[in-house]
Amino acid sequence: MWLSGESPEIRGGMSTMEQELDKVDEIIDNHGGNSEALIQILLDIQHEYRWLSKPVLLRLCERLDIPLSRAYHLATFYKHFSLLPQGRHSVSVCLGTACHVRGATRLLSRVTEAIGVEAGQTTPDEKFTLSTVNCLGCCALGPVMMVDQDYVSNPNAKALEQIVASRE
Amino acid sequence: MTTERRKDSGARRTRVAVGSAGAEARTRPAARPAEVAGLVTLTINGQTVEATEGMTLLEAARSADIYIPTLCHHEQLSNYGACRLCSVEVLRGRRSRVVASCIYPVEEGIEVQTESERIAKHRKIMLELILTRWPWVSEDLLEKYGVQRGRFQERTSFCFLCGLCVRYCAEVKKADVLGFVGRGTERQVVIYPEKALEACPTCDGGKMGCRSVCPTGTIPNEFAHTGPRFGKKLPLAYPVRSYDEDNVRDVLHTVGDWRMPWVRGQARPSG
Amino acid sequence: MPRLKSAADLQKLREEIKSGIDPKRPCVTICSGTGCHAYASEKVAEAFAAELEEHGLSEKVSLRRTGCHGFCEKGPIVVLLPDETCYLSVKPDDVHEIVSSTLVEKKLVERLLYRVDDGKPAATEDEIPFYKHQTRLVFGNNRLLDPKSIDDYIALGGYSALAKALSEMKPEEVVETIKKANLRGRGGGGFPAGLKWETTRNAPGDIRYVIVNADEGDPGAYMDRSLLEGNPHSVLEGLVIGAYAIGSQEGFVYVRQEYPLAVDNVTTAIDQMREYGLLGEDILGSGFSFDVSVHRGAGAFVSGESSALMTAIEGRVGEPRPKYIRTAVSGVHGRPSNLNNVETWANVPLIVNYGAEWFAGIGTEGSKGTKIFSLVGKVNNTGLVEVPMGMTLREIIYDIGGGIPNGKKFKAVQTGGPSGGVIPEDLLDLPVDFDELAKAGSMMGSGGMIVMDEDTCVVDVARYFLNFLADESCGKCIPCREGIQEMLVVLNRVCQGDGGEGDVQTLEELGDMMQDCALCALGQSAPNPVLSTLRYFRSEYEEHIAKKRCPAGVCKALVKYYIEPDRCQACMICLRNCPVGAIEGGKNLVHVIDQARCTRCGTCIEVCPERFGAVVRLSGEEVPAPVPAGTAVR
């Protein structure tokens, strides 16, 4: 099911029909139509659409003359790519070593409680996607998490409630 | 006759670079100067072996009828070096290291041990790990290394990702019907049904080449005829790991003897 | 920007820029690395801009956002030049006072200064112990320049090394210099850079590549990020010098996409270099041409391994390849490729400018120069520190790091990330040196130094690293994929209290096999944290297994919480905070934890007021029978 490549109906997210494949062509052209830049192209597509859908990848394979298996191996190997639409807001909890010894596991439970999904999942209303990351590089703030571009240091349950409420 | 053939495969080998990981074979670095493909002398298990430059330790060993167990190796396919069962000990000067013989190139003057205590110990535990995925590892092999079942919990999935099917489809058939997805323990082989429908019915006279290289018989035999199976809506990809015992037994009977011996712990017959 | 056509042009430009700078002009510098940024340093910068405007000082005082200063525990850091007054933990609300007191009235704001042990305030950076004991050769310029300004870099002498190499040295001479300096790779391997350069230079073929490995993946290590964000030109200058020495025309900078500021700053730096002609055709009129492109990673630790990284640059899945033929001979597209770490490249301009003997004069016999470490974890002064090789771990952790917070006892320091190991207290006088640390069963690694105290469980730490590696393994080879998983099964069992005899032996057997047989360094070094903690803390494993006890009180399944009736004062704080309502009690009634409902989250012991200290953590022993309900407080 996770490899069906189709937008699940219940989510009401972007339908594949609405995808502007022109944008995909543009991104490919920006990188000179070079299959060596495949990972860079996928990064730009992920950033643009918030996921890598099947029609988009098919177009990519067509343009660059690469097998579908290669595109999907890349899409499933790297953590940054998603085969399902991501939420509007990203929440990532740092599980780096320094944060771990300062209690990152407990923070993660609090966040899971507050948002209602496990790490790696997106809320049904597509508001949040929760993920874990292996070092944000601000160890002095540990245990730390990011909500979009903001860093939050060791929020308690109440602070987390506020954060959830404050985002659209 | 045999030795010549082995040397030929050595010469053929130079076109495919050692250690290529992907579906496409990579060309070797720029051509060497005029004295190409010299002879290399090394010892394997105390026996002197003459090999051609560019051969791997595995090929050199086989040319001297010395047995090394392998799982992910296949003559027609690029060397993959993933199962590590073919690991051997190489002594060069005073330095000893463990390398994968299917990829390590022969070197003048090295001493290779294929069954040292260190290697036997490692193979034993590797086989125990393989058993967690695939219970039908040949009994001869298990007995040879004194493997006891049961130390590790079974996580039977039949496929242990040797990559032979993926490489076969990509390099020999150039169809890319099969591919890897995921990473780490989530890594698996999948089939892309849309591509399968195009390519599989005519592959190897309808017999599906990937099934003939698969050591565990995991690839479902109905795959070439997927259309009716899946109905109108084809999934994008379908994992190859099956838990269907009938399917596996079916393959073990129909695949034919030439595939099985090296899994049962004997050297591949030449020819 | 005028294109520089010769070394003389560059020198002229430098003098022009410097003449436009008044060294006596006051400058407010604000650390803007990601760490301080997370502490809202941008708001501080904006507050300064506004405040200076209000006081009519915008023309007289300049404002500069700089690279990371390193003292991340005390960010945001503001340093006022030229006096070098150093203010720590500055908030936007403090800005008004700083401007009116220090800038206008020349009076120090004492409360923002660092307090040395005897309580005296330290007015400048070099009076602060954290900085005093460091030797910031590579990292030092971060604080002086705006990473988005190439002119700042040039004014500080930037690109003089490149000019020297191109106009006064032959490529082979540059290689010899790096060899003589004995610069060893800073990314973890410690391989002699000069040797790698030479191999790449001499390998057959016409096209060669040079690569910057900025895929810093060790959790807890962020030196490369701060260097690339804070002084990208230092790294790029080293790269161009290396390209010249090796004979390469094309280079790559491979950066994790998790470092957006680094990607940004290095891209800007490259654009600026091109404008000045420091990249492209005929650099500084030398006839040497070279250009570089930026490749972003997409979230895979294993892709930082050199052969995997090169595979990723080719646009394929970044899985490692066996390295029997070295990447210096056959790398990207099968061509000779020289890959070095960010910090390694940043050392190159210094070596070219000051000479191999100077560099070799710093450090120990086997490890020359300085190393940047990220000192994190249970340590007072968290941050990035640069010290000469040979300084002891004790000096770094105590003199620079300020020791362990909250009066806790030191337990071990973890170095080398997931490939490394732990160093216990009795080895604290070990010098930081590639070979010394390796002998002790750990390794220098990329520079992550994670301090642990008595409240850290080493079995849990080993399990943590294996979890990390299980997630990051590419899954290609059996030893790593299956081996890590099986080791994790055993460790999870041990931490759950289900460990049995033979478990330690299993871990050691699996570890031995993986070290010998795994395809790449990830798999080969995966057992290190386990084997190292077994070496120095075997008894802790045995306690988990035989006595079902976790001495540090971390492994939840082996820990129980208990409220001592004699100390409980019925303040109700723990009762109210317990997330599962497992505490019974009331006003003046001793509180009791219902062990069946308790989830061992640890909230109660955290919230119980220190003066009572009634909650204790028990492990490996029976919890005393609860007092009868309704027992009054004493």
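Residues numbered from 1 in each chain as written. Chains lettered and ligands numbered in written order. Predicted model: local features only at pLDDT ≥ 70, side-chain atom pairs only at ≥ 80, totals over all residues. Heavy atoms only, no water.

1. Let's talk about the overall build of chain C
Thought 1: Assigned secondary structure in chain C consists of 24 helices and 19 strands.
Thought 2: Taking 634 residues into account, the globule formula puts the C-alpha radius of gyration at 26 Å, and chain C, at 27 Å, falls close to it.
Thought 3: In terms of overall dimensions, chain C has a C-alpha envelope of 90 × 65 × 40 Å along the principal axes.
Thought 4: Put simply, chain C has 634 residues, and 62% of those count as buried.
Thought 5: Partitioning the intrachain contacts of chain C with sequence separation of at least 6 by distance along the chain shows that 70% fall at a separation of at least 24.
Thought 6: As displayed, chain C has an accessible area near 23000 Å², and 48% of this comes from carbon and sulfur atoms.
Thought 7: The positive charge centre, built from 67 side chains, and the negative charge centre, built from 87, are 1 Å apart in chain C. (Helix = DSSP H or I, 4+ residues; strand = E, 2+ residues; numbered from the N terminus. Rg over C-alpha atoms; globule rule 2.2 N^0.38 Å. Buried < 20%, exposed > 50% of the residue type's maximum accessible area, 1.4 Å probe, protein only. Contact = heavy atoms within 4.5 Å. Areas by Shrake-Rupley, 256 points an atom, 1.4 Å probe, with all protein chains shown as cover. Lys, Arg positive; Asp, Glu negative; His and termini not counted. Charge placed at Lys NZ, Arg CZ, Asp CG, Glu CD.)

2. Observations concerning the overall build of chain A
Thought 1: Scanning chain A from terminus to terminus reveals seven helices and four strands.
Thought 2: Listed by position from the N terminus, the elements making up chain A come as α-α-α-α-β-α-α-β-β-β-α.
Thought 3: Within chain A, the proportion of its 168 residues that are buried is 56%.
Thought 4: If you take every contact in chain A between residues at least 6 apart in sequence, the share linking residues at least 24 apart comes to 65%.

3. Quick look at the interface of chain A and chain C
Note on interface size: it is often stated as the accessible area lost on association of the parts.
Thought 1: At the interface, 34 residues of chain A touch 50 residues of chain C.
Thought 2: Across the chain A to chain C interface the summed buried area is about 3400 Å²; carbon plus sulfur atoms make up 56%.
Thought 3: When the buried area of chain A at its contact with chain C is split by residue, Glu36, Phe77 and Thr97 of chain A rank highest and sum to 18% of it.
Thought 4: Where chain A meets chain C, there are four salt bridges.
Thought 5: As a salt-bridge pair, Lys79 of chain A and Asp471 of chain C come within 3.3 Å of each other at their nearest N and O atoms.
Thought 6: Here chain A and chain C share 19 residue pairs in polar contact (both at pLDDT 80 or more) between them.
Thought 7: Elements with a contribution of two residues or more to the side of chain A that touches chain C: helix H2 (38-49), helix H4 (68-77) and helix H5 (97-101) of chain A. (Buried area = accessible area lost by both parts, 1.4 Å probe. Salt bridge = Lys/Arg side-chain N within 4 Å of Asp/Glu carboxyl O. Polar contact = N/O pair within 3.5 Å; in protein donor to acceptor, adjacent residues only side chain to side chain.)

4. Let's talk about the environment of Pro349 of chain C
Residue and element names in this part refer to chain C.
Thought 1: When you line up the elements, Pro349 lands in helix H14 (residues 342-354).
Thought 2: When the C-alpha positions of Pro349 and Glu621 are compared, they lie 60 Å apart, and in sequence the two are 272 residues distant.
Thought 3: Apart from the residues lying within four places of it in its own chain, the contact partners of Pro349 are Ala161, Ser234, Glu237, Gly238 and Ile241.

5. A word on the confidence of the model for chain A
Residue and element names in this part refer to chain A.
Thought 1: Per-residue pLDDT for chain A has a mean of 83; in total, 89% of the residues score no lower than 70.
Thought 2: Mean pLDDT across the secondary structure elements of chain A bottoms out at H5, with 83, and peaks at H2, with 94.
Thought 3: Note on residues 1-18: pLDDT under 50 across the span, and 27 contacts to partners over four residues away in sequence or across chains. (pLDDT = per-residue confidence, 0-100.)

6. What to know about the pairing of strand S15 (residues 448-453) of chain C
Note on strand geometry: in a regular strand, side chains alternate between the two faces of the sheet.
All names here are of chain C.
Thought 1: In terms of residue burial, S15 counts as a mostly covered element, since six of its six residues are buried.
Thought 2: Side-chain alternation along S15 places Gly448, Ile450 and Met452 on one buried face and Met449, Val451 and Asp453 on a second face that is also buried.
Thought 3: Looking at chain direction, strand S11 (residues 370-377) and S15 are connected through four bridges and run parallel. By the bridge assignment, Val376 is partnered in S15 with Ile450.
Thought 4: Pairing geometry for strand S13 (residues 410-415) and S15, over five bridges, is antiparallel. Bridge pairing links Phe410 to Asp453 in S15. (Pairing = 2+ DSSP bridges.)

7. Here we look at the packing of aromatic side chains
Residues and elements named next belong to chain C.
Thought 1: What the rule picks out here adds up to 19 aromatic pairs over all chains.
Thought 2: Centre to centre, the rings of Phe130 and Tyr131 are 5.2 Å apart; their planes meet at 80°, and the pair counts as edge-to-face. Like Phe130, the residue Tyr131 is buried in the burial classification.
Thought 3: Ring geometry for Trp358 and Phe359: centres 6.2 Å apart, planes at 50°, overall tilted.
Thought 4: By relative accessible area, which is 28% here, Trp358 ends up partly exposed.
Thought 5: Under the relative-accessibility criterion, Phe359 is labelled buried at 1%. (Phe/Tyr/Trp six-rings, centres within 6.5 Å; stacked < 30°, edge-to-face > 60°.)

8. A look at the interface of chain C and chain B
Thought 1: Across the boundary between the two partners, chain C contributes 39 residues, which contact 40 residues of chain B.
Thought 2: Between chain C and chain B, roughly 3500 Å² of surface is buried when both sides are summed, and carbon and sulfur atoms account for 55% of that area.
Thought 3: Counting across the chain C and chain B interface gives seven salt bridges.
Thought 4: Linking Lys121 of chain B and Asp512 of chain C is a salt bridge whose minimum nitrogen-to-oxygen distance equals 3.7 Å.
Thought 5: Scanning the region where chain C abuts chain B turns up 19 residue pairs in polar contact (both at pLDDT 80 or more).
Thought 6: If you list the elements that add at least two residues to the side of chain C that touches chain B, you get helix H18 (458-472), helix H19 (478-496) and helix H20 (503-517) of chain C.
Thought 7: Sort the elements by how many residues they give to the side of chain C that touches chain B and H19 of chain C lands first, with eight residues.

9. With respect to the pattern of salt bridges
Thought 1: Scanning the model with the defined rule gives 56 salt bridges over all chains in all.
Thought 2: With a closest N to O distance of 2.9 Å, Lys179 of chain C and Glu198 of chain C form a salt bridge. In this pair, Lys179 of chain C sits in helix H8 (residues 171-181) while Glu198 of chain C sits in helix H9 (residues 193-202), placing the two residues 19 residues apart along the sequence.
Thought 3: The exposure class assigned to Glu198 of chain C is partly exposed, which follows from its relative accessible area of 25%.
Thought 4: Connected via shared salt-bridge partners are Asp25, Asp29, Arg59 and Arg63 of chain A.

10. Considering helix H22 (residues 528-546) of chain C
Residues and elements named next belong to chain C.
Thought 1: Over its 19 residues, H22 extends only 23 Å from the first C-alpha to the last, a length that falls short of the 27 Å expected when each residue adds 1.5 Å.
Thought 2: Among all positions of H22, only Asn528, Pro529, Val530, Ser532, Thr533, Leu534, Phe537, Glu540, Tyr541, Glu543, His544 and Ile545 are buried.
Thought 3: Phi turns positive one or two residues past the end of H22, at Lys548, with a value near 50°. (Expected span 1.5 Å × (residues − 1).)

11. Here we look at the sheet that holds S15 of chain C
All names here are of chain C.
Thought 1: Spatially, the five strands line up as an open sheet ordered S12-S11-S15-S13-S14, and their pairing is mixed. Of all the strands in the sheet, the pair left with one neighbour each is strand S12 (383-388) and strand S14 (421-424). Between one strand axis and the next, the sheet turns through 30° on average, direction left out of account. (Axes fitted to C-alpha atoms, helices over the stretch in contact; angles between N-to-C directions.)

12. Notes on the environment of Ala8 of chain C
Thought 1: Within the secondary structure, Ala8 of chain C sits in helix H1 (residues 7-19).
Thought 2: Linking Ala8 of chain C and Leu284 of chain C, residues 276 residues apart in sequence, is a C-alpha distance of 8.7 Å.

13. Regarding the confidence of the model for chain C
Thought 1: Per-residue confidence for chain C gives a mean pLDDT of 94, with 100% of residues at or over 70.
Thought 2: If you check the scores for this complex, the pTM reads 0.89 and the ipTM reads 0.89.

14. Digging into unusual backbone geometry
Thought 1: The peptide bond linking Gly75 of chain C to Pro76 of chain C adopts the cis configuration, its omega dihedral lying at -10°.
Thought 2: In this model, Asp65 of chain B sits at a positive phi of 60°, which is unusual for a non-glycine residue.
Thought 3: Looking at the element boundaries, Asp65 of chain B is found in the loop between helix H2 (57-63) and strand S3 (87-92).
Thought 4: By relative accessible area, Asp65 of chain B is classed as exposed at 74%.
Thought 5: In this model, Lys548 of chain C sits at a positive phi of 50°, which is unusual for a non-glycine residue.
Thought 6: Turning to its location among the elements, Lys548 of chain C is positioned in the loop between H22 and strand S16 (559-563).

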